[in-house]
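Residue strings, one per chain:
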Amino acid sequence: MTRIALIGTGFVADYYATTLANYPKLEVAGAFDTDSARLKTFCDHYGYTAYPDLDTALADATVDIVVNLTPPDHHYAINRSALDAGKHVYCEKPLAMEPGQAAALAELAASKGLRISGAPANALSDAQALAAKLIANGRIGTPRLVYAEMEDGAVFRDNWRDWRSVSGARWPGLHEFEIGCTLEHAGYALGWLIALFGRAKVVETFSALTFPDKGPGTEGLKLAPDFSVGCIEFASGPVARLTCGLAAPRDRSLTIVGDEGTIIVRDLWDHRSPVHLSRFGEKEPFLIRLLKLYERKSGRHLPAKLFGGRVVPYPGKSDRKLPAYPSQIDFAAGIADLARGLEGGGEPVLEAKRAVHLTELALALSRGGGRVEFDPAG
C-alpha cells in the first residue's frame, strides 16, 4: 500500500479522486488546501482526512508521495518543500515556472534518493499504447511529420463561471487566463510526443494574446497568451507542429504522417480515443469514399472533419473509472506509475528527466518569440 497526500483540492483534484478508484494500492492519507471551505467540502465528499496546514501534511510519517495539485505558480515551492521533508513527489504540469527550477528539483530529488515525476498521465493511456504499437510494427513506415492540436474553443465566451467539479469546486477561469492555455494544456500533447519520439532537439515558437477582452471580471488582469504555435524537431527525426489556443473550435487530435501511411488520434483527452490508420495506396473505407465523392460532386465541404482511414480496434475492453467528458483521462495513472517505480526500484515512465523536458518545452511554447535548442542527450 502506498499512501499519498493531496495538496490542492481545486477543480483538478476531483479528476484524481475519481480515478484513484482504479488503484486500490493507493491510499489517501489526507488532503490540504489553503481555502478551508473548499478543503472541507472536498474531504467531506470523499471521506478524506483534512490536514490543518501544509507543514502537518509534509510531516505525516505515513505519507510516501505528495501529490501537488496546486496552481502552477505554486508548484516549485511546494515541490521543494515536499522533497526537503523527505517525500517523493508527483506534480501536475509544469514542475515549475522556470526551466532552471525544474532541473533543480530533479537534482534535489536525486541527491536525497527520492523520486519526482510529473503529469500529464494521458501519455499512459490505452490510445497512446495503441499508437505506439502501430508505429513500432511499421504500419506507417518511418514517422516524418506530426500535427498536434490543443484547441479548447472560445472558453471565455462560455458560461465558465458556472462550471463546477464533482465535489463543487469552481473552474479557476481567471487564473487559467492569467497562467495561459499553453502551460495548462500543451503538456497533454507534449507527453505523447516525448513518449513516441523522445527528446526534442530544437523548437521554434510564437505566442500571442489574441483576445485581450475575456469578458466581465477580467478587466485589469495581466493575461497570458491565448494562442501559441511551436515547430519541434526531435532528435529521433520527426518534425511536429503543436498549436494551443482558447478561441479556435475544439480540436485535440494528433496526426502522425509516415512515409507509408498516417495515424490519427481523435482526442488526446480520451483514454481509449478512436485511432485511425490509413496506408498510402490502400482503398479507403466505403463511407469515407462516399463522403468525399459527395464533396466533389456538390462542390461543398462537409461540416464534419473527415478523419479517414480505418478505426483500429482495441484488444479487450476497459473497466477503468474515468471522469466525464471531455476529460476522460486516467489522472491517477501517473501516481500509480510512480508508486510502481518505488515498489520495484525501477524508473517510472513519467520520470524526472522527462518531466523536466516537458516543462522546458511548455515554457518555451508559452513565452514564444524564437528558437530554443536542447541537448538531445538530456
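Just above, that's the structure.
These remarks concern the structure in this document. (Residues numbered from 1 in each chain as written. Predicted model: local features only at pLDDT ≥ 70, side-chain atom pairs only at ≥ 80, totals over all residues. Heavy atoms only, no water.)

Once that is clear, we can look at the environment of Ile 4. Position of Ile 4 relative to the elements: it lies in strand S1 (residues 2-7). Not counting the four nearest positions on each side in its chain, Ile 4 is found in contact with Leu 20, Glu 27, Val 28, Ala 29, Gly 30, Val 63, Ile 65, Val 67 and Ile 335. (Helix = DSSP H or I, 4+ residues; strand = E, 2+ residues; numbered from the N terminus. Contact = heavy atoms within 4.5 Å.)

One open sheet holds the five strands; their spatial order is S2-S1-S3-S4-S5, and the pairing between them is parallel. Looking along the sheet, the strands with just one partner apiece sit at the ends: strand S2 (26-32) and strand S5 (116-118). In this sheet, adjacent strand axes meet at a mean angle of 20° when their direction is disregarded. Along the sheet, helix H4 (residues 75-84) contacts S1, strand S3 (65-68), strand S4 (88-91) and S5; its crossing angle with S4, the most-contacted strand, is approximately 160°. (Pairing = 2+ DSSP bridges. Axes fitted to C-alpha atoms, helices over the stretch in contact; angles between N-to-C directions.)

What follows concerns the packing of aromatic side chains. The geometry of an aromatic ring pair is captured by two quantities: the separation of the ring centres and the angle between the planes. Applying the stated criterion across every chain yields a total of 14 aromatic pairs. Aromatic pair Tyr 16 and Tyr 90: ring centres 6.4 Å apart, planes at 65°, arrangement edge-to-face. Of this pair, Tyr 16 sits in helix H1 (residues 13-19) while Tyr 90 sits in strand S4, and the two are 74 residues apart along the sequence. Considered together, Tyr 16 and Tyr 90 belong to a single accessibility category, that of buried residues. On the basis of an interplanar angle of 55° and a centroid distance of 5.8 Å, the ring pair of Phe 197 and Phe 234 is categorised as tilted. Here Phe 234 lies in strand S8 (residues 227-234) and Phe 197 lies in helix H8 (residues 181-197), a separation of 37 residues in the sequence. By relative accessible area, Phe 197 is classed as buried at 7%. A connected cluster of aromatic rings, assembled from ring pairs, spans Phe 11, Tyr 15, Tyr 16, Tyr 90 and Phe 331. (Phe/Tyr/Trp six-rings, centres within 6.5 Å; stacked < 30°, edge-to-face > 60°. Buried < 20%, exposed > 50% of the residue type's maximum accessible area, 1.4 Å probe, protein only.)

Moving on: the side chain of Glu 184. Tracing the backbone shows Glu 184 in helix H8. Buried Glu 184, no salt bridge; nearest opposite-charge side chain is Lys 93, N-O distance 4.8 Å. In this structure Glu 184 touches Pro 72, Lys 93, Glu 176 and Ile 179, once residues within four positions along its chain are discounted. (Lys, Arg positive; Asp, Glu negative; His and termini not counted. Salt bridge = Lys/Arg side-chain N within 4 Å of Asp/Glu carboxyl O.)

Another aspect to go through is the sheet that holds strand S14 (residues 370-373). Overall, mixed pairing links the nine strands, which are arranged S13-S12-S11-S10-S6-S9-S8-S7-S14 in an open sheet. In this open sheet, the two edge strands, each paired with only one partner strand, are strand S13 (310-311) and S14. Helix-sheet contacts for H8 involve strand S6 (143-151), S8, strand S9 (239-245), strand S10 (254-258) and strand S11 (261-265), and the interaxial angle to S9 is about 160°.

For helix H5 (residues 99-111), built from 13 residues, the straight-helix expectation of 18 Å at 1.5 Å per residue is met to within 8% by its first-to-last C-alpha distance of 19 Å. Residues of H5 that are buried: Ala 102, Leu 105, Ala 106, Leu 108 and Ala 109. When H5 is viewed along its axis, its buried side chains cluster within an angular range of 160° and face the same direction. Of the residues in H5, the exposed ones pointing more than 90 degrees away from the buried face are Gly 100, Glu 107, Ala 110 and Ser 111. (Expected span 1.5 Å × (residues − 1). Arc of directions from axis to C-beta.)

Once that is clear, we can look at unusual backbone geometry. In this model, Ala 119 is joined to Pro 120 through a cis peptide bond whose omega is 10°. Residue position: Pro 120 is located in the loop between S5 and helix H6 (126-136).

Moving on to the pairing of S9. In terms of burial, S9 is a largely internal element, five of the seven residues being buried. In the sheet, S6 pairs with S9 via seven bridges, with the strands oriented parallel. Across the sheet, residue Val 146 finds its bridge partner in S9, namely Ala 240. Across seven bridges, S8 lies against S9 in antiparallel orientation. Across the sheet, Gly 230 pairs through a bridge with Leu 242, a residue of S9. Counting the residues in the hairpin turn of S8 and S9 gives four residues, including Gly 237, whose phi is positive at 125°.

Note on placement: Lys 87 falls in the loop between H4 and S4. Looking at Lys 87, the relative accessible area reads 5%, which means it is buried. Separated by 146 residues in the primary sequence, Lys 87 and Glu 233 have C-alpha atoms spaced 35 Å apart. Non-local contacts of Lys 87, meaning those with residues more than four positions away in its chain, are made with Leu 58, Asp 60, Ala 61, Val 63, Asp 64, Val 66, Ala 82 and Leu 114. Within the structure, Lys 87 has its side chain in polar contact with the backbone oxygen of Val 63 (distance 3.1 Å). (Polar contact = N/O pair within 3.5 Å; in protein donor to acceptor, adjacent residues only side chain to side chain.)

Let us look at the pattern of salt bridges. The final tally for this structure, using the stated rule, is 16 salt bridges. Between Arg 144 and Asp 259 there is a salt bridge, and its shortest N-O distance comes to 3.0 Å. Placement of the pair is Arg 144 in strand S6 and Asp 259 in the loop between S10 and S11, with a sequence separation of 115 residues. Between Asp 330 and Arg 320 there is a salt bridge; the shortest N-O distance is 2.6 Å.

Taken together, the side chains of Phe 286, Leu 287, Leu 290 and Leu 293 make up a nonpolar region of the molecular surface, amounting to roughly 400 Å² of accessible area. Considering the arrangement of structural elements, one finds Phe 286 in helix H9 (residues 286-298). With a relative accessible area of 57%, Phe 286 lands in the exposed category. (Patch = residues over 30% accessible without salt bridge, like charges linked within 9 Å, V, L, I, M, F, W, Y side chains within 5 Å. Areas by Shrake-Rupley, 256 points an atom, 1.4 Å probe, with all protein chains shown as cover.)

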